[in-house]
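# Coordinates in review
The residues making up each chain are set out below.
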There are 2 protein chains.
Amino acid sequence: MKTLRISIIGFGSVGQGVARVISMKQDYLQSIGLDLKVVAIVDSKGCEIDAKGINLNNALERKATTGTVALLDKDSIYVIKNIEHDIVVDTTPTNIETGEPGLSNILTAFEHKRHVVTSSKGPLVVDHKRLVETARKNNVEFRYEATVGGAIPILNLARDALAGNKIERIEGILNGTCNFILSRMAEQEGYTYEDVLSEALGLGIAETDPTSDVEGYDAACKVVILANTIFNMNVKFEDVAITGITRITPEALKLAADHGYVIKLIGVVREGELSVAPKLVPKGHPLSVRGTLNVASIQTQLAGHITVSGPGAGSLETASAILSDIISIYRTQ
Amino acid sequence: MKTLRISIIGFGSVGQGVARVISMKQDYLQSIGLDLKVVAIVDSKGCEIDAKGINLNNALERKATTGTVALLDKDSIYVIKNIEHDIVVDTTPTNIETGEPGLSNILTAFEHKRHVVTSSKGPLVVDHKRLVETARKNNVEFRYEATVGGAIPILNLARDALAGNKIERIEGILNGTCNFILSRMAEQEGYTYEDVLSEALGLGIAETDPTSDVEGYDAACKVVILANTIFNMNVKFEDVAITGITRITPEALKLAADHGYVIKLIGVVREGELSVAPKLVPKGHPLSVRGTLNVASIQTQLAGHITVSGPGAGSLETASAILSDIISIYRTQ
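Residues numbered from 1 in each chain as written. Chains lettered and ligands numbered in written order. Predicted model: local features only at pLDDT ≥ 70, side-chain atom pairs only at ≥ 80, totals over all residues.

## As for the overall build of chain A
Going by this rule: Only DSSP runs of H or I covering at least 4 residues are called helices, and only runs of E covering at least 2 are called strands; the numbering of each starts at the N terminus. Each radius of gyration is computed over the set of C-alpha atoms, and the globule rule expresses the reference value as 2.2 Å times the number of residues to the power 0.38. Buried means a residue has 20 or more other C-beta atoms within 10 Å of its own C-beta, exposed means 12 or fewer, and partly exposed covers the counts in between; C-beta atoms are placed from the backbone. Note on contacts: each residue gets a C-beta atom placed from the backbone, and two residues are in contact if those atoms are within 7 Å.
Looking only at helices and strands, one finds 13 helices and 12 strands in chain A. Over its C-alpha trace chain A gives a radius of gyration of 20 Å, about what one expects of a compact globule, namely 20 Å for 333 residues. Once the C-alpha set of chain A is aligned to its principal axes, its extents read approximately 60 × 45 × 40 Å. Sorting the 333 residues of chain A into buried and exposed places 55% on the buried side. In chain A, once contacts between residues fewer than 6 apart in sequence are set aside, the share between residues at least 24 apart is 70%.

In structure tokens:
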């Protein structure tokens, strides 16, 4: 049995999902020889620390009733620097301009020889190269499956399962909110963009400020991460040509349908093209998935198009991608 | 740089694909630190052996012009026993009654402490448990990604990329020939099963004796392999309830289409159900892929349904799955 000690930095929907999943999967983790202890949890108001392992159900309960997990007045940087542990799990909110607070958290973790698993796109969009190089220099692992496609193992698929296969192009639906809006507009005659957006807000599928989703910015972040990770590019957010979905009319969707197509917001990554834009997809094509699903089609040199779809968001779904990253680090030890 | 020496046992479409792919990917393999040498190739007429590494282009050329790679009159068992090498790549034809010749090849390899990668379903359908236990006892690796879904990394996805996620159910289209026939019948009004079967024969998509495909036997083999591998069952071919596609009429497909459905031959694996049968799938559902594509939808405890599709057959496609298995073994060394 090997013990790995982790911290959870950020205790919102994803951070709480991680605590729940680790609590649920204790038997499984023991069965593969992994004793996984959460020794610190940090939120914006402070932290809980317990070197013997935090009682996760108590922490979740306290967060639900008091709004914070905090028992001590220490912040993430203090915890990352001073608490002995192996893996920092960063689930802080994404800021694509500064990359903070994830960027400082992750760099501090590397400098203290701790592995990092993150669900935050910000640090990767702002400073991918520096992060990867700092991890390598400190001889630690850096994993971020949850940043692209939520629960769908796109990065792991490209790295491990398709090993040896040159990847020539990736395209896909990388934002579930946009897919929901376009799917509903296509299926419900006369529904405008505004009608469906209100519905999505009501269902908790869209955020109060939906700009990042509907303008294609969130999908563009994922394009950047895919480009830098799988294609070894060194590109920034500004390098992606972006068109959102706000001007798509019911008439356009109807016209597409009459000709056997659906309209989807598609991100494309290949040598010479980084883009997010509405595109026509033939009905029955592997990319024509509906609802909030995400999908990525990976064009390989030898294996044709391998397409993978699934839920692109959700607390437990995203946490499951984080857990698979933790297990992957455990297996490299 | 680490050297791994392999033998290719069976030099038909898949075996030749493996030789081609290894020849194509030398630069990539060197870049990951792997010096991969083919030291023996065996076909039904004999073998070529070269401890320094066979010239693969010459071997392929000789096979194309003379019908055999043989320079020596030695068979697979001789090569596996006597030639020093690390990995046996078995690409011999599938026999689901005896499992031979793959079964004896693989067991002999394990007894001589050689890892095995195979594309042959027969040995796994006949004697999965014995193979896995013999590999474990001899402390060698046993990989067979190519047996299910050709190029689609279903087994690797379940084992690595979805690590930590309990898999509750797998269902999918596991035979490309049946998918082609049903897709064409649905799209081409008035086309009967017999019409499309002739077309598929002409295109080389169906085999001269299509029984194994159209009666669902091939898909049932894959159900058995998935059940034994991913669900740790210990089941046989006889445990699968099988209905093929030969009695599906154009009228049934038309009726399904009128109600928004397609008919697909679906294999199902879950606790309490092992089956292959034609089923209604809603249009736009991730399983409703067309043409010769294969697809598997993996229902997970935490990550919802993760669906993966791609080419289920083909020489280079299948060889690419074999190469990813070889690289995976290299990474465990």
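Still to come is the rest of the account.
## Considerations on the packing of helix α8 (residues 176-187) of chain A against helix α9 (residues 193-202) of chain A
Residue and element names in this part refer to chain A. We count it as follows: Interaxial angle, 0 to 180 degrees, is taken between N-to-C directions of lines fitted to C-alpha atoms, where a helix line uses only the stretch in contact. Under this scheme an angle from 65 to 115 degrees is roughly perpendicular, one under 35 degrees roughly parallel, and one over 145 degrees roughly antiparallel; angles in between are oblique. Definitions for this section: a left-handed crossing has its near helix turned counterclockwise from the far helix by less than a right angle. A right-handed crossing has that turn clockwise. Ten residue types, Ala, Val, Leu, Ile, Met, Phe, Trp, Tyr, Cys and Pro, are classed as nonpolar, four, Asp, Glu, Lys and Arg, as charged, and the remainder, Gly among them, as polar.
As a packed pair, α8 and α9 sit with axes 9 Å apart at the nearest point and diverge in direction by 125°. Comparing their axes, α9 and α8 come out oblique. The chirality of how α8 crosses α9 is right-handed. From α8, T177, F180, I181, R184 and M185 reach across to α9, where they touch Y193, V196, L197, E199 and A200. Of the residues in the contact of α8 with α9, the class split is seven nonpolar, one polar and two charged.

## Some points on the packing of helix α1 (residues 13-24) of chain B against helix α13 (residues 315-332) of chain B
All names here are of chain B. Interhelical geometry of α1 versus α13 gives an angle of 65° and a closest axis separation of 8 Å. Of the possible angle classes, the one that applies to α1 and α13 is roughly perpendicular. Note on packing geometry: the crossing formed by α1 with α13 is right-handed. Here S13, V14, Q16, G17, V18, R20 and V21 of α1 come into contact with α13, specifically with S315, L316, T318, A319, S320, I322 and L323. Considered class by class, the residues forming the contact of α1 with α13 number seven nonpolar, six polar and one charged.

## Quick look at unusual backbone geometry
Residues and elements named next belong to chain A. Across the junction of E100 and P101, the peptide omega takes the value 5°, indicating a cis bond. A positive phi is found at N139, a non-glycine position, where the angle reads about 60°. Note on N139: 9 C-beta atoms within 10 Å, which makes it exposed.

## Structural notes on the environment of E271(A)
All names here are of chain A. Mapped onto the fold, E271 is located in the loop between β9 (261-270) and β10 (273-282). E271 sits in the exposed class, given 10 other C-beta atoms within 10 Å. Sequence-wise, E271 and R169 are 102 residues apart; in three dimensions their C-alpha atoms are separated by 7.8 Å.

## As for the interface of chain B and chain A
Convention followed: Any two strands are treated as partners once DSSP identifies two or more bridges connecting them.
Contacts between chain B and chain A engage 36 residues on the former and 36 residues on the latter. Secondary-structure elements contributing two or more residues to the side of chain B that touches chain A are α7 (154-161), β12 (305-311) and α13 of chain B. Relative to β12(B), strand β12 (residues 305-311) of chain A runs antiparallel, the two sharing three bridges. When the sheet's bridge partners are listed, T307(A) is paired in β12(B) with S309(B).

## Brief notes about the pairing of strand β11 (residues 293-300) of chain B
All names here are of chain B. Buried residues dominate β11, accounting for seven of its eight residues. Sheet topology places strand β7 (residues 167-173) next to β11; six bridges connect them, and they run antiparallel. For I173, the partnering residue across the bridge sits in β11 and is V295. Of the pairings in the sheet, the one linking β11 to β12 comprises seven bridges and is antiparallel in character. In the sheet register, S297 faces β12, and the bridge partner there is T307. Counted along the chain from β11 to the antiparallel partner β12, the turn is four residues long, and its residue G304 has a positive phi close to 65°.

## Here's the deal with the sheet that holds strand β1 (residues 2-9) of chain B
The pairing of strands in a sheet happens through backbone hydrogen bonds and is either parallel or antiparallel. Residue and element names in this part refer to chain B. Within the open sheet, the six strands sit side by side as β3-β2-β1-β4-β5-β6. Their pairing is mixed. One side of each edge strand has no neighbouring strand; the edge strands of this open sheet are β3 (46-49) and β6 (142-143). Summarising the sheet, strand β2 (residues 34-43) and β3 pair through four bridges and their orientation is antiparallel. Across the sheet, D43 pairs through a bridge with G46, a residue of β3. Contacts between α13 and the sheet are confined to β1, β2, β4 (87-90), β5 (115-118) and β6, with β5 contributing the most and set at about 160° to the helix.

## Quick look at the sheet that holds β9(A)
Pairing is mixed in the open sheet, where 12 strands are placed in the order β8(A)-β10(A)-β9(A)-β7(A)-β11(A)-β12(A)-β12(B)-β11(B)-β7(B)-β9(B)-β10(B)-β8(B). Each having just a single partner strand, β8 (241-242) of chain A together with β8 (241-242) of chain B make up the two edges of the open sheet. Strands in contact with helix α11 (residues 217-230) of chain B are β7, β8, β9 (261-270) and β10 (273-282) of chain B; relative to β9(B), the strand with the most contacts, it is inclined by about 40°.

## Digging into the relation of the copies chain B and chain A
The condition that has to hold: Our superposition of the copies is a least-squares fit, built on the C-alpha atoms of residues whose pLDDT is at least 70 in both.
Once turned by 180° and shifted 0.0 Å along the axis, chain B lies on chain A with an RMSD of 0.0 Å. Such a turn and shift between the copies fits a two-fold axis. Taking C-alpha positions as reference, the residue of chain B nearest the rotation axis is V308(B), located at 2.1 Å. The overlap is high: 100% of the interface residues of chain B also sit at the interface in chain A, so the same surface is used on both sides.

## As for the nonpolar core
What counts here: Think of a nonpolar core as buried Ala, Val, Leu, Ile, Met, Phe, Trp, Tyr and Cys residues chained together by C-beta atoms that fall within 7 Å.
Of all hydrophobic cores here, the largest spans 216 residues; its most connected members are I41(A), V223(A), I41(B), V223(B) and I326(B). The leading source of residues in this core is α13(B), at nine residues. Excluding its chain neighbours within four sequence positions, the residues that come into contact with V223(B) are V240(B), G267(B), V269(B), L274(B) and V276(B).

## As for the pairing of β10(B)
All names here are of chain B. Bridge analysis of β8 against β10 gives two bridges, and the strand direction is parallel. Within β10, the residue paired with A241 across the bridge is S275. Relative to β10, β9 runs antiparallel, the two being bridged by 10 bridges. When the bridges of β10 are listed, V262 appears paired with V281.

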